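# Observations on chain architecture
Each chain, letter by letter, is given below.
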Amino acid sequence: MKEILVFAGTTEGRQLSEILAASRIMHTVCVATEYGEMIFAPHPLRTVHCGRMDQAEIETFIQSGNFGAVVDATHPYAKEVTENIWMAVKGRDLPYLRLKRETSAELTQEHIRRFDSNEECAKALEETEGNILLTTGSRELSKYCISEEVKRRLYVRVLPSIESISVCMEQGLAGKQIIAMQGPFTAQMNEAMLHQYKIACMVTKESGRQGGFQEKLEAAKKTGIPVFLVGLQKEVKGYSMEQVCEKLSEICGKSLKKSGFMWITLGGIGMGNEKNLTREVKESIEKADILLGSERVIASWKQCPKRKPFYQAKQIIPYLKEVQKEQEEKTLLNVTILFSGDSGFYSGCQSVYHALKREIECKGLNASLRILPGISSVSYLAACTGESYDGAAIYSIHGKEVCNLAQKIKRNEKTFLLMSGVKDVNRLGRLLTEEGMGDCQVVAGYQLSYENQQINDLTPEECCQAEEEGLYTCLVKNPNTIFKCLTPNHSDQELIRERIPMTKEEVRLVSICKLKLHKGAVVYDIGSGTGSVAVEIAGLSDEIQVYALERKPEAVDLIKRNKVKFGLENITVIQTEAPDGLERLPVATHAFIGGSGGRLKEIIECLYHRNSCMRVVINAVSVETICQIREILGQFSVKNWEIVQLQVSRTKEAGEYHLMKAENPVWISGFNFGTKSHEHIF
C-alpha cells in the first residue's frame, strides 16, 4: 500500500494523522516548524518531515516517496503554501485533497470591525486606546509594529516555538509582551488573559471552530471589548474531514476509523505541585477536551471544559463509550487521565491502561493510547537528601499491609516507603521499636514539592509521636543490615518446639528443594506441627504465601509463636483437620504433607480437584505409608514421581569420643499431578 502525504498546519492535520495511524495506514506529515513536529507523538506508521519547502522542493519531496495521495491541511490563510502544493502536484497522476477547516457559527458579536488586510487593521489600531491582544500569529507581526505607538500596547499570543519567539524579539517586543502558548483556548482562558493584561481590543482572524474563534468572541463579549477581524475567510474550495476520510478509504482500499476517535493519554503528575509536571504531561492537560482523575488530582485544572473525578477503569470505560457514542462534533477528542506520582511506580495507571487496551483491541473504543511518566516521590526525596536509590528497597504501604516489612528493612541498608499519612509513620516507628531496630534513622519527607514541605530526620521513637497529617514518603537507613541467607537456614534449636513432632533440619531442606518452589507460589503445609517447614518456606521469599494447616490446638499455638518469632507475615495459620477447610483457601500451586491423620487418600483427592497441575511432596516414616502412597497415586495421572530415602546420623559425645547416632529414616516422595509418566521410582 502506498503512503499518504499530509501537509499539516492546523488541528485538522493532526487529527487526520491520528485517524490514519489508528487505521494502520502509513503516512508522512510535513510541518513547517520544530514546534509543529513536537505535537506529533512517535508512531511506527507516521514519519514527520520538518522544514519549510517551496514549490520545487515539494516536487522533489513527492518524487522521492511512494505516495498514493496528497492532503493539504495547511492553514486557510497560508495561500502561498497551498499554491505551492497544488502546483507541485498538478500534472501528476496523484490525487490532491484540500482539507477545509470547519467554519464557526454565524457571527453575532455586535462590536466586531472587519478589515480586508493587516495593514488596514494596524492603521485603525492607531486610533484606539489601551492594550491590544494580537492573536493573528507571528508571520504578520511586522505590519503591526510599524507604529511605535501601537507596538508598545501590543500583547502578542504566538506558538511556543523558537521561530515565533525570535520574530517577536526581532520586532523589538519586550518579554512581558509575548504570550507563547499552544491553542485552541477555552472561553474562560481567553477571558482570564483579557483581564490579566487589561486588554482593550482583540485582533484575530476567522480561524474556524477548531481554531477557537468562537471562544475568542465569547470572551470578548463577556469583557465588553471590541474585536478587530482581519480578512474574513471566504468559502474555501475543498473537502470536509468526513469527505477526505471517505476518499482516502477508496484510495487505500481500507476503511478509516474516523467516527469519534479519541487520543487517550495516561499521565503521572508527580507529587502534585504543578511546577514538577513534565512538559509533555502539562501539554497533554492543556490540550485535553476531557480530563479524568481523582478529585484531588484534577482540582487545579479548572480550564478544561470537561472534568470528571474518574480514576478507575470501571468508571472511565463506560463514560468514554458514552461520550464516543454521542460524539459528532469533533473527529478527534483529546482525553487525559491523571495519576499521582509516576505512572509506572505503584500506580493505578497499569490496570487502567490494560483495561483500555483490551477495549481498543476488541473495538469497544475507537482510540489510541499512550502513557507519560511523572516524577516519583522516591526520586524527589532522594534528590532533596542527596541520597541515591540504586540498590535500595522500595515498597508502598499506602493503604495496604506490606508482607514481612520488618524483614525487608533488616535486609537492606536503605528502604524507601510510600505512605498514606501520619498513621503509617506511627506504625513504622512502633515496628522498628518492637523489632529492636531503634538505631535505624528515618528520613521523613512531608508534603513533598508543596510550599509546606518538610524533610526531617526522626528516630523510631519520634516516628511514634508524629502528629502532623499529610502525605509522607520515608527513607529508612539501617546501619546493621542482616543479609538474607539464600537457602533454608534455621536450625532445629532456633524453633520453638516443646513436645510437638517436628520435621528435622536436613529433612526440611531436602523436602523443600523437592517442592521446586517459584516466585508467587501458594503453599499448603498440611500437618504443619511446629510450623518448621512453613517458617523455612515463608522465609525464602516475601512473595510466597503459606497456609499452615494443623488440627492440634497446642501445635497451632506453636506455629503462631514461631511465625511471630521470625517476623513472617506471609504465613496464615489455620486450625483444621485436612482436607476440611481446603476448599475455602486460595488455590495452591504446591503442597507439603507432613502428617495426614489417616486421611491421606482424601487429602490427595482434594488437592487434585483443587489444582490438577499441583506439585506435591509427602514425607513418610513407615514402609506402610509409602505403600499407601504408591497405591493411591496409581489412581491419578502423575508425572515426575520420585521417592528418596534420607538417613541422617548425628555426632554424640561419649566421654572423650564422638559417636554417630542414627535418626529414623524418612521417605520423601515428590510428584506433579498431570500426564502419567512411564517411569516411577520406587
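Residues numbered from 1 in each chain as written. Predicted model: local features only at pLDDT ≥ 70, side-chain atom pairs only at ≥ 80, totals over all residues. Heavy atoms only, no water.

## Focus on helix 3 (residues 55-64)
For clarity, the cut-off: Whether a residue is buried, partly exposed or exposed follows from its accessible area with a 1.4 Å probe, protein chains only, as a fraction of its type maximum: under 20%, in between, or over 50%, in that order. Secondary structure elements follow DSSP: runs of H or I of four or more residues count as helices, runs of E of two or more count as strands, with numbering from the N terminus. The arc refers to the directions leading from the helix axis to the C-beta atoms. For this analysis, residues touch if any pair of their heavy atoms sits within 4.5 Å. Whenever a nitrogen or oxygen atom comes within 3.5 Å of another N or O atom, the pair is scored as a polar contact, on the condition that within protein one atom can donate a hydrogen and the other can accept it, and that pairs from neighbouring residues in sequence are kept only if both atoms are in side chains.
Looking only at helix 3, the buried set comprises Ile58, Phe61 and Ile62. When helix 3 is viewed along its axis, its buried side chains cluster within an angular range of 100 degrees and face the same direction. Helix 3 presents Thr60, Gln63 and Ser64 as exposed residues on the side facing more than 90 degrees away from its buried surface. Looking at the packing, one finds that the buried side of helix 3 touches strand 1 (3-8), strand 2 (27-31), strand 3 (46-50), strand 4 (67-73) and helix 4 (79-89). Residue Asp54 occupies the N-cap position of helix 3, its side-chain oxygen lying 3.2 Å from the main-chain nitrogen of Ala56.

## Observations regarding the sheet that holds strand 8 (residues 154-158)
Put simply, the rule reads: The pairing criterion is simple: DSSP has to find at least two bridges between the two strands. Angles run from 0 to 180 degrees between N-to-C directions of axes, and those axes are lines fitted to C-alpha atoms, restricted for helices to the stretch in contact.
Read from one edge to the other, the open sheet built from six strands follows the order 6-11-10-7-8-9, with strand pairing classed as parallel. Two strands close off the open sheet at either side, each with one partner strand: strand 6 (112-115) and strand 9 (178-180). Across the sheet, the mean angle from the axis of one strand to that of its neighbour is 20 degrees, orientation sign disregarded. Relative to strand 9, strand 8 is paired through three bridges, and the arrangement is parallel. Bridging from a neighbouring strand, Val158 pairs with Ala180 of strand 9. Strand contacts of helix 8 (residues 187-196): strand 7 (131-134), strand 8, strand 9 and strand 10 (199-205), with the helix running at about 135 degrees to strand 10, the strand carrying the most contacts.

## Side note on the packing of helix 8 against helix 9 (residues 213-223)
Just so we agree on the cut-off: These descriptions rest on fixed angle ranges, namely under 35 degrees for roughly parallel, over 145 for roughly antiparallel, 65 to 115 for roughly perpendicular, and the rest for oblique. If you view the pair so one helix is near and one far, a crossing is left-handed when the near helix is turned anticlockwise from the far one by less than a right angle, and right-handed when it is turned clockwise.
Where helix 8 contacts helix 9, the axes come no closer than 8 Å and their chain directions differ by 45 degrees. Judged on the interaxial angle alone, helix 9 and helix 8 are oblique. Here helix 8 and helix 9 pass one another in a crossing that is right-handed. For the pair helix 8 and helix 9, contact is made by Ala187, Asn190, Glu191, Leu194 and His195 and by Glu215, Lys216, Glu218, Ala219, Ala220, Lys222 and Thr223, respectively.

## Considerations on the sheet that holds strand 2
Taking strand neighbours across the sheet as the criterion, the five strands line up as 3-2-1-4-5 in an open arrangement whose pairing is parallel. Each edge of the sheet is formed by a strand with only one pairing partner; in this case those strands are strand 3 and strand 5 (96-98). Across the sheet, the axes of successive neighbouring strands diverge by a mean angle of 20 degrees, strand direction being ignored. Where strand 1 lies against strand 4, six bridges are found, and the strand directions are parallel.

## Remarks on the side chain of Glu536
Structurally, Glu536 is set in helix 20 (residues 532-540). In this structure Glu536 comes out as buried when scored by relative accessible area, which is 3%. At a separation of 3.5 Å, a polar atom in the side chain of Glu536 contacts the side chain of Arg508.

## Considering the packing of helix 3 against helix 4
Operational definition: Residues are sorted three ways: Asp, Glu, Lys and Arg are charged, Ala, Val, Leu, Ile, Met, Phe, Trp, Tyr, Cys and Pro are nonpolar, and all the rest, Gly among them, are polar.
As a packed pair, helix 3 and helix 4 sit with axes 8 Å apart at the nearest point and diverge in direction by 45 degrees. Here helix 3 lies oblique to helix 4, going by the angle between them. Regarding helix 3 and helix 4, the two cross each other, and that crossing is right-handed. Two secondary-structure elements touch here, helix 3 through Gln55, Ile58, Glu59 and Ile62 and helix 4 through Asn84, Ile85, Met87, Ala88 and Val89. Residues that form the contact of helix 3 with helix 4 fall into these classes: six nonpolar, two polar and one charged.

## Concerning the nonpolar core
Worth spelling out the cut-off: Residue types Ala, Val, Leu, Ile, Met, Phe, Trp, Tyr and Cys, when buried and joined through side-chain atoms within 4.5 Å, form a set referred to as a nonpolar core.
Residues Tyr524, Leu607 and Val616 are the most contacted members of the largest nonpolar core, which totals 31 residues. Mapped by element, the contributors of at least two residues to this core are strand 22 (522-526), strand 23 (545-550), strand 25 (590-593), helix 22 (600-610), strand 26 (615-620), helix 23 (623-633), strand 27 (638-646) and strand 30 (666-673). Sorting elements by how many residues they give to this core places helix 22 first, with five residues. Those residues within four positions of Val616 in sequence are excluded, and the remaining contacts are Ala591, Ile593, Leu607, Ser669, Gly670, Phe671 and Phe673.

## Notes on the environment of Pro479
Its location among the elements puts Pro479 in the loop between strand 21 (472-477) and helix 19 (505-515). Sequence-wise, Pro479 and Ile668 are 189 residues apart; in three dimensions their C-alpha atoms are separated by 42 Å.

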